[in-house]
Number of protein chains: 2
Amino acid sequence: MRELLGGKGANIAEMTRVLGAGVVPAGFTVTTEACVAYMGEGRFPDGLEDEVSAAMGRLERTAGKAFGDPEDPLLVSVRSGARESMPGMLDTVLNVGLNDHSVEGLAARTGNPRFAWDSYRRLVQMFGNVVEGVPGERFERAIKEAKADRGVVEDTDLDAEALRELVTEFQGFYSFPEEPAEQLRAGIRAVFDSWRGERAVAYRRLNRIPDSWGTAVNVQQMVFGNKGPTSGSGVAFSRDEVDGSPQPSGDFLPDAQGEDVVSGVRTPKDLAELAEWNPEVHEQLMTILRRLESHYGDMQDTEFTVEEGRLFMLQTRSAKRPAQAAVRFAVDAVSEGLLDRAEALATIDAASLAALLHPTFASADFEVLARGVAASPGAAKGEIVFTAKDAIDAAEDGREVILVRPFTEADDVAGFHAAKGILTSEGGKASHAALVARGMGRPAVTGASDVSVDLAKRTMTVGDVVLHEGDRIAIDGSTGALSTEDVPLVSPGVSEEFDCVLTWADELRTLGVRVNADTPEDAAKGIAFGAEGIGLCRTEHMFLGDRQPLMADVILADDDASRDAAIDRLRPLQEDDFEAILQAMDCRPVTVRLLDPPLHEFLPAPGSLPEGSPERARVAALQEANPMLGTRGVRLGILMPDLYRMQARALFAAARGVPGCVLEIMVPLVDYEREFELVRAAIDAVAAEEGVEADSYSVGTMIELPRACFLADKIAEKADFFSFGTNDLTQTGLGFSRDDIEGRVLARYIDVGVIDRSPFETIDAPGVGEMVRMGAWLGRTTKPDLKLGVCGEHGGDPDSIAFFNDSGIDYVSCSPYRVPIARVAAAQAAVRKLDQPAS
Amino acid sequence: MRELLGGKGANIAEMTRVLGAGVVPAGFTVTTEACVAYMGEGRFPDGLEDEVSAAMGRLERTAGKAFGDPEDPLLVSVRSGARESMPGMLDTVLNVGLNDHSVEGLAARTGNPRFAWDSYRRLVQMFGNVVEGVPGERFERAIKEAKADRGVVEDTDLDAEALRELVTEFQGFYSFPEEPAEQLRAGIRAVFDSWRGERAVAYRRLNRIPDSWGTAVNVQQMVFGNKGPTSGSGVAFSRDEVDGSPQPSGDFLPDAQGEDVVSGVRTPKDLAELAEWNPEVHEQLMTILRRLESHYGDMQDTEFTVEEGRLFMLQTRSAKRPAQAAVRFAVDAVSEGLLDRAEALATIDAASLAALLHPTFASADFEVLARGVAASPGAAKGEIVFTAKDAIDAAEDGREVILVRPFTEADDVAGFHAAKGILTSEGGKASHAALVARGMGRPAVTGASDVSVDLAKRTMTVGDVVLHEGDRIAIDGSTGALSTEDVPLVSPGVSEEFDCVLTWADELRTLGVRVNADTPEDAAKGIAFGAEGIGLCRTEHMFLGDRQPLMADVILADDDASRDAAIDRLRPLQEDDFEAILQAMDCRPVTVRLLDPPLHEFLPAPGSLPEGSPERARVAALQEANPMLGTRGVRLGILMPDLYRMQARALFAAARGVPGCVLEIMVPLVDYEREFELVRAAIDAVAAEEGVEADSYSVGTMIELPRACFLADKIAEKADFFSFGTNDLTQTGLGFSRDDIEGRVLARYIDVGVIDRSPFETIDAPGVGEMVRMGAWLGRTTKPDLKLGVCGEHGGDPDSIAFFNDSGIDYVSCSPYRVPIARVAAAQAAVRKLDQPAS
């Protein structure tokens, strides 16, 4: 019922069932449907007020008190509850139902005027802040002054009279409605409205929660932690929320309501102190935490209140936890018999595992130039660049850079991909730079306010130190530190527990996981992380750097003879490249993609060549209006067949040096079966010339164009395997040039609700995903055992992996650091698929 | 049986049935399958030689003569016969079966030694040329010398002795096989080989005949037109082959074999002279032509031989004819009762009708600077440019240019699109420039050898006249003339007969035909040619020229206020544009596409702005790596919503001024239903503000991205109509940037057999075509009566029109001059569809 009741509402209902009504205060839930209707029409949907009244009537009967009764008022909390927990992002109003009359009744009835006035003070303060938008500081300032006037330190030292005066002062800030029904109505409306508040929207972007869901509202009878020293409020996790170790952890404040615990006004006590304060309550809480954990099969995050020695549980939910805690919990839960392996795996957010795989500084023994906010974990080093474009250019040249900006905007996002890390002088943990960097797994330090960035001069200054574009810096997004020293980085190992989880994942998953690797180093890294082969070895990087002049000779050759000579000079180099990678993979399959990018990428910009020179003219003639859709991939292979023949020859020669290697040659950008046929014939001819046996290698194709998906049955007639290139398929299927669209346009699209995440991050299931399925299905109508892989970046994204798992794909391939994530995600997908009824 | 027997073989078989065996020489056909097998394996397929022997045996029994009999030899012709006629492109060997012995026997048996030796001379000459590759000139020279030696003029004046000497001389040129079976085998092989000859390949490219078909070989008993003055050979058309008028036409030569008629060695006589020469034969031929025409229901092109006063028909086929003849025949055939309207329409090659619609020079009263080959019909004028790129740039600036080159290559093809006409100094009617220009319907003059083109200096020189880049010239591709005068052009009218054909087409077709028009002039032209509405009115041209600075103000505005002001300045101009077009269309529907291209297209190149200027930086920031896949279409409309709102406001204001107008607003480049929804909501809001009734306009979308085809059911929920933008759908579906791919890559693809024509010319049915069908089908699952159009250039291509007709499309839209072609093609498609059994 989470969709209708929200997570909190559903959990309260279920918790009541598990723990009994005595432990959970009674209440009811206004559904998310009502919120959605309210958002659409700008007013409460018809009938809502009547239903709320009826529910309040039932609550009054359960409680034995009447809402607004001046003698013995029923008080309620009005709390948000979205389908997925959005802690602290939505609004809450407590103690609803009090007014100038009933506060006196409550004081008399409980014999505790301080409690009554404290509760009323809280209502008037919270209502003013949340419903009426009065800045919180005005209330805080008034409380501070009141304490100063009376020479006391803690809020709890303010007596009933002081609180009464505060209430009067607060009521001067705005017009407080005395009528309880009006308070309730306004409270519900405020919670609805908070769904569209700035904080909430930003949080949803980051966590990919659709705007359309809306929030439920939970109305619950108040229980009071502010009734004096035998009362209190707290939060408790069923296990340590940082490292996942088995002892429960949490915070607790005597004589307080829940918001005091999280607001930081007073320093909370930990659960050990709760045991001293009230051993019975502590014992009862421990029992409840165990019951809840065992009931939900997951680590719990709860809120509780102790009212005059009696424990009430206000809510419970699965605990958000960092990756190391998630892994620890999964392993412990299995050894404790709480969960089986599949269930334990399901409790892990696969994407979060990236945090365990970020490089870190090898030592803390370096001079810190400045500190900022630790906005996205991991350490990084590189040359300073000041624009996204420079970052992209540098990355294309194979240089490592840190993108430094005062702050970032949507237009800078393309630079995030290209940079090793991000540094901003402004903004905090929720700044654009922080959100985007975390989303992408890029280390980031934000809000380094000692750093002054001058974009015009292209300098960054810290005190006397002036750094220029191209100077090297190191940042640590886990600590916020920034240094000009060349601090060594270490790649993280895989912990014993993580390794255990990965072993289970391998037992459970059916989807293969390979690595995208162009170098022996990446290949080795992939194996270390558990890759079963290389799914994509790009050959274009092998023609850059020192070899670029050789490649330029090939492209700009005047005649066939000099072109052949230039190609011949490249061949032994390619052979060495391939041999090293095949060696590194130690008899695991290696899919090598023949040269793919447009030729001009290997040439200098025409503007950099002498005006009027024939070289410039020739380079200019190779420029294309839309290189993404231009002369590249197999088109190149057909226009310049000697290039592919050279690559095939180098591959066969390399394979000869590595007995037992499994060579898969992949032809990119195929549209027509005949394109593939021509290249395959050329490769087979080279093999025959070289005396290579026809069954010692296979030749397949990338499926990365919509047409290829429609004609996959034809293409499969000649191809040994398919690998879906979902990056290019997304670009062509959606008509999106990633470089041009991902920043400004997709950010706007997320804002206006066209999409909830970039289709380059998670596969666009109804569009591009269906193209993949069509290609897979048609390919298998021709060859039922056709091997199908995915080698786009989606191969490392858990949601996409689930989609591919359900689409009959044999393996995904992703960057080395995503391999463990893919293994876990693949296992989760396999388990979910088993759980689903066969269709 | 054309596929197996080839056109000639099938026609001979059928003609024998119609006219009786006495009129058609007996023979047999070696199938295209044998040719295909021969091409694949490089040798005759197993069993072929046995089958040929058996067939020869049957032919010997029918003829009562034996092949190779030294006394009375059976002679045969060995002729090609492709599925579609390729006149003159494939090889033939006649008089096969003669040798040094049997020639004497033939001389004795016929009592006509001259005839025997003439036949033998022909065999040895033809075999040497066709089979052995001896250059034809060597034989011609020897004949010329023999005539000179004997002081005679005509070949027929050479007597038996002279011919015997020639044979001996010819036999010295190569080793002639005396064995008749070997002659036959070599002849068949030579015909097969000629399928892959250069001429034949070039012809197939131009006429889109697949390389894979192969040719059949017809072996037929020889009949002899060279038996003296009562014999002869000729070709006859059942009607005038130039203008289509009803009297048969043709050429005839007494005492000759067929090749003499076409080779031009002797001047042939016309059919009137045939009537004088042998009235009975003439009468019989006229009767046969009528019978054949009535049997085949089409104008016939025949070959005949008269052997000693007896008429033999060697072959018949549908006559190739220019457009005016095709139209005339169709009209006459209906009035004669030969065909009904649908059948008559089917005899017209719709694509050829373009020739009737080319502009021509209004007068011949101008100075001709030079003459070249009339390579592609139509007249054109414009500024001289020397490179394809300059042509494209000029076209983008709205300038009209003539592309001038020494010769053209594949890389120049993109310039053909952009230029109004092509002029080359080299090459003839079959040059690359001529083939491509005719294929595209661009006027071209080739091989203007008096013109000297200097690409480095960018000049063309004719005698003393030196013309520079930018100077204006006029060319007439129908006459080969070239002038520097500003000769006025006239758009062709539609002849009475053409109009009649178009009227029938309108009766028969179910597919609507609209025009793509951005100006009132084009709109009027479209109506004149019979368009039923505007299917695509692009608005981007309205922002170029004088208005470019206004548009630049919009794009480069510093703030919202100045942007709004700039947009406000554009609005009245847009309103006038729209009102003029709506007026011109006189209550016919007008589909206006909102702004589509990327913004930088309206701005100067960044390089043209001062270095370091903020304007340059801003323009540079708008440049895109792949503008085709970038910030354009609806993406622009969502990023800069005021632009679309302005266009909507201008449209509604314009519509108010044109009572009864039918306004359809079209949103380009939609991927997601939500994109459309947002823009539609904005348009509807503008309509409401302007007091426009909601049912007085419709809002639909281009379907031009593969994703949109997959999600068409969703998009149809909000859209009133779809128009398939097949140009962009081809670009994204195939991953082809037309500008980058159409020249070099597609030309190579045609050469190596990947495709047989450009997918931008004729819809790629199995790929892009299936996407259209998927989009159409899904759209109609949501809205069964959803209106579906096609507005890509394919809308004017007959083959594509047939595909769309069969895909449930409601209308196509094309450029004004293609409208009549589309009407005819749509009618033909409708008739074909009716003739097909329901599936």
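Just so you know, these numbers come straight off a predicted model, no measurement behind them. (Residues numbered from 1 in each chain as written. Chains lettered and ligands numbered in written order. Predicted model: local features only at pLDDT ≥ 70, side-chain atom pairs only at ≥ 80, totals over all residues. Heavy atoms only, no water.)

**Things to note about the overall build of chain A**
Of regular secondary structure, chain A possesses 33 helices and 32 strands. Against the 2.2 N^0.38 benchmark of 28 Å for 839 residues, chain A shows a C-alpha radius of gyration of 32 Å, consistent with a compact globule. C-alpha extents for chain A along the principal axes are approximately 105 × 65 × 50 Å. The proportion of buried residues among the 839 residues of chain A is 57%. Sequence-distant contacts in chain A: of pairs separated by 6 or more residues, those separated by 24 or more amount to 67%. (Helix = DSSP H or I, 4+ residues; strand = E, 2+ residues; numbered from the N terminus. Rg over C-alpha atoms; globule rule 2.2 N^0.38 Å. Buried < 20%, exposed > 50% of the residue type's maximum accessible area, 1.4 Å probe, protein only. Contact = heavy atoms within 4.5 Å.)

**Considering the environment of B:Thr305**
Residue and element names in this part refer to chain B. Topologically, Thr305 is positioned in strand S10 (residues 300-307). Residue classification places Thr305 among the buried positions, given a relative accessible area of 3%. Residues Thr305 and Thr347, spaced 42 residues apart in sequence, show a C-alpha to C-alpha distance of 28 Å. Reaching out from Thr305, the side chain makes a polar contact with the side chain of Ser233 at a distance of 3.2 Å. (Polar contact = N/O pair within 3.5 Å; in protein donor to acceptor, adjacent residues only side chain to side chain.)

**Focus on the relation of the copies chain A and chain B**
By a simple turn and slide, chain A fits onto chain B: the slide is 0.1 Å along the axis, the RMSD is 0.1 Å, and the turn is 180 degrees. Overall, the copies show the geometry of a two-fold rotation axis. Taken as a fraction of all interface residues of chain A, those also at the interface in chain B reach 100%, which identifies the copy contact as same-surface. (Least-squares fit on C-alpha atoms with pLDDT ≥ 70 in both.)

**Concerning the pairing of S10(B)**
Residues and elements named next belong to chain B. Among the 8 residues that make up S10, 7 are buried, leaving the element largely enclosed by the rest of the structure. The pairing of strand S7 (residues 232-237) with S10 spans 6 bridges and is classified as antiparallel. Bridge pairing links Val235 to Glu303 in S10. Here S10 runs beside strand S11 (residues 310-318); their pairing, made up of 8 bridges, is antiparallel. Paired with Thr302 across the strands is Thr316, a residue of S11. (Pairing = 2+ DSSP bridges.)

**Regarding the interface of chain A and chain B**
Taken residue by residue, the interface counts 49 residues in chain A and 49 residues in chain B. When chain A packs against chain B, close to 4,300 Å² is buried across both sides, 60% of that on carbon and sulfur atoms. Looking at the side of chain A facing chain B, the largest losses of area belong to A:Leu629, A:Tyr672 and A:Phe710, adding up to 15% of the total buried there. Seen at the junction of chain A and chain B, the total is 2 salt bridges. A salt bridge links A:Asp764 to B:Arg707; its shortest N-O distance comes to 2.6 Å. Summed over the shared surface of chain A and chain B, the result is 24 residue pairs in polar contact (both at pLDDT 80 or more). Of all the secondary-structure elements, those providing two or more residues to the side of chain A that touches chain B are helix H23 (634-639), helix H25 (673-689), helix H26 (706-710), helix H28 (726-734), helix H29 (738-741), helix H30 (744-751) and helix H31 (765-782) of chain A. The leading source of residues in the side of chain A that touches chain B is H31(A), at 5 residues. Looking at the side of chain A that touches chain B, its residues break down into 27 nonpolar, 10 polar and 12 charged. (Buried area = accessible area lost by both parts, 1.4 Å probe. Salt bridge = Lys/Arg side-chain N within 4 Å of Asp/Glu carboxyl O. Nonpolar A, V, L, I, M, F, W, Y, C, P; charged D, E, K, R; others polar.)

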